[in-house]
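Listed below, chain by chain, are the residues.
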Amino acid sequence: SAKDFCEIGVGYITNNLSLCSRVSPYLNQACLQVINSKSASQRAVNFTQALQACNFTGSYAKACIDAVLLSEAVKTGNLSICSQMNETSGYVCYEALAKVKENASICSYIANKSISSACMEDVSLNASSS
């Protein structure tokens, strides 16, 4: 789908292999190969350039921007980036940061109590299995 190719494109632009987990399973390997094929000199794309590239993704611009914001939030650990996203994407962002930082208290930024509780439980389970 176009969304899959948007994810691959953003992954390529930002050199973020983790975005390949968001594409359809049959495209996962192709996504990894595309991103890994970049030369080291091509990998230096900054956050602003990646956001600007989203302007060329048509109807997927919002999804592209959210993917870039999520990538930057996880990369930098900056919680305020999550607050720039729509509610659903923000929840995903906070949970991703909570998992990366192994800090369940980050889940408290999620306004929906049931999602926040599930986030806390998920982070605790991940931390205990590591």
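Residues numbered from 1 in each chain as written. Predicted model: local features only at pLDDT ≥ 70, side-chain atom pairs only at ≥ 80, totals over all residues. Heavy atoms only, no water.

*Asks:* Teacher, can you tell me more about the layout of surface pockets here?
*Replies:* Leftover empty space is mapped by rolling, across the atoms, a probe with the size of a water molecule. The computed volume of the largest pocket comes to approximately 310 Å³. Considering the residues around the largest pocket, the lining is formed by 19 residues, among which Asn16, Ser18, Leu70, Ser71 and Glu72 are closest to the centre. Elements supplying a minimum of two residues to the lining of the largest pocket: α3 (47–53), α4 (61–76) and α6 (87–101). Top contributing element to the lining of the largest pocket by residue count: α4, with six residues. Its residues placed into classes, the lining of the largest pocket shows nine nonpolar, seven polar and three charged. (1 Å grid on protein atoms, 1.4 Å probe; cavity = no way out; pocket = protein on both sides within 12 Å on 5 of 7 lines; lining within 4 Å. Points joined across faces, edges and corners; volume = space filled by probe spheres on them. Helix = DSSP H or I, 4+ residues; strand = E, 2+ residues; numbered from the N terminus. Nonpolar A, V, L, I, M, F, W, Y, C, P; charged D, E, K, R; others polar.)

*Asks:* What should I look at first to understand helix α2 (residues 25–36) in this one?
*Replies:* Residues spaced three or four apart along an α-helix point in a common direction, a consequence of the helix completing one turn every 3.6 residues. Between its first and last C-alpha atoms α2 spans 17 Å; for 12 residues at 1.5 Å apiece the expected length is 16 Å, and the two agree. Taken together, the buried positions of α2 are Leu27, Cys31 and Ile35. Projection of α2 onto a plane perpendicular to its axis shows the buried side chains occupying an angular sector of 75°, all on one side. In α2, the exposed positions angled more than 90 degrees off the buried face are occupied by Tyr26 and Gln33. (Expected span 1.5 Å × (residues − 1). Buried < 20%, exposed > 50% of the residue type's maximum accessible area, 1.4 Å probe, protein only. Arc of directions from axis to C-beta.)

*Asks:* In this structure, what is going on with the packing of aromatic side chains? I would like to understand it.
*Replies:* Here a ring pair, both rings aromatic, is described through the centre-centre distance and the interplanar angle of the planes. One pass over the structure, following the stated rule, counts one aromatic pair. Aromatic side chains tyrosine 94 and tyrosine 109 sit 5.3 Å apart centroid to centroid with 15° between the ring planes, which places their arrangement in the stacked category. Here tyrosine 109 lies in the loop between α6 and α7 (113–129) and tyrosine 94 lies in helix α6, a separation of 15 residues in the sequence. (Phe/Tyr/Trp six-rings, centres within 6.5 Å; stacked < 30°, edge-to-face > 60°.)

*Asks:* I'm lost on the environment of alanine 50 in this one. Help?
*Replies:* Note on placement: alanine 50 falls in helix α3. With 19 residues separating them along the chain, alanine 50 and leucine 69 place their C-alpha atoms 9.4 Å apart.

*Asks:* Please explain unusual backbone geometry as it appears in this structure.
*Replies:* With the exception of glycine, most residues fall at negative phi, and the peptide bonds are largely trans. Even without a glycine there, the phi angle at glutamate 102 is positive, about 50°. Position of glutamate 102 among the secondary structure elements: in the loop between α6 and α7. The class for glutamate 102 is exposed, based on a relative accessible area of 51%.

*Asks:* Explanation requested: α4 in the structure shown.
*Replies:* With 16 residues, α4 extends 22 Å from end C-alpha to end C-alpha; this agrees with the ideal 22 Å at 1.5 Å per step. All of the buried residues in α4 are Ala61, Cys64, Asp66, Ala67, Val68, Leu69, Leu70, Ser71, Glu72 and Ala73. Remark: glycine 77 follows α4 within two positions and exhibits a positive phi of approximately 75°.

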